[in-house]
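Chains, contacts and geometry: an overview
Read off the chains here:
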Amino acid sequence: MSIGVGIFLMVVGAVLAFAVRDTWDAVNLQVVGYILLLAGLAGILLSFYITNRRRRVTTDAIDPAVEEEYRVVEEHHRDITE
């Protein structure tokens, strides 16, 4: 949903920055458009960062008990060959 909001902000910002030629004494609509474009881009990048951070899960490929068994077997094998 945050990607959609970012895209929406970018579209509204692009319309205000490039398509609206209305003048208003209190607010420059082109500047507001550029600010909304940047806010939308920041929202999209932030949502990608958060999504990718959630997907990185550290897991052990081998069960710790099985890994301990392999370690013991390798040590035993190393003792025999020396």
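Residues numbered from 1 in each chain as written. Predicted model: local features only at pLDDT ≥ 70, side-chain atom pairs only at ≥ 80, totals over all residues. Heavy atoms only, no water.

Regarding the overall build of the chain
Using the following cut-off: Numbering of helices and strands runs from the N terminus, with a helix taken as a DSSP run of H or I at least four residues long and a strand as a DSSP run of E at least two residues long. Three labels apply to residues, based on accessible area from a 1.4 Å probe with only protein chains included: buried if under 20% of the type maximum, exposed if over 50%, partly exposed otherwise in between. We call two residues in contact whenever any of their non-hydrogen atoms come within 4.5 Å of each other. What sets the accessible areas is the Shrake-Rupley method with a 1.4 Å probe; for residues, cover comes only from the shown protein chains.
From N to C terminus, the chain includes 3 helices and 0 strands. By residue count, 12% of the 82 residues in the chain fall in the buried class. For the chain, restricting intrachain contacts to residue pairs at least 6 apart in sequence, the fraction spanning at least 24 positions comes to 49%. Summed over all atoms, the accessible surface of the chain reaches about 7,100 Å², with 63% contributed by carbon and sulfur.

Section: the environment of A19
Locating A19 in the fold gives a position in helix α1 (residues 2–19). A relative accessible area of 54% places A19 in the exposed class. Spatially, the C-alpha atoms of A19 and Q30 are 9.1 Å apart, while their sequence positions differ by 11 residues.

Quick look at the UniProt feature "transmembrane region" (unreviewed entry) in the chain
The line we're drawing: UniProt positions are given in the numbering used here, feature names are shortened, and annotations may be inferred rather than shown by experiment.
Here, UniProt's "transmembrane region" (unreviewed entry) annotation points to residues 29–50. In this annotation, residues 29–50 is assigned 100% helix and 0% strand; the end-to-end C-alpha distance for the span is 31 Å.

Details of the packing of aromatic side chains
Rule in force here: Side-chain rings of Phe, Tyr and Trp, where Trp is taken by its six-membered ring, are said to pair if the distance between their centres is within 6.5 Å; with planes under 30 degrees apart they count as stacked, over 60 as edge-to-face, and otherwise as tilted.
Tallying each qualifying case throughout the model produces 1 aromatic pair. Measuring from ring centre to ring centre gives 5.8 Å for F18 and Y34, while their planes differ by 80°; the resulting arrangement is edge-to-face. Taken together, the residues F18 in helix α1 and Y34 in helix α2 (residues 29–55) connect sequence positions 16 residues apart. Overall, the relative accessible area of 40% leaves Y34 in the partly exposed class.

Some remarks on a nonpolar patch on the surface
Going by this rule: Exposure above 30% relative accessible area and the absence of a salt bridge qualify a residue for a patch, where like charges join within 9 Å and nonpolar side chains (Val, Leu, Ile, Met, Phe, Trp, Tyr) within 5 Å. Whenever a carboxyl oxygen of Asp or Glu lies within 4 Å of a side-chain nitrogen of Lys or Arg, that contact is scored as a salt bridge.
The grouping of I3, I7, V11, V15, L38, L41, L45 and F48 at the surface amounts to a nonpolar patch, some 710 Å² of accessible area in total. Contributing elements (two or more residues each) for the nonpolar patch: α1 and α2. If you trace the backbone, I7 turns up in helix α1.

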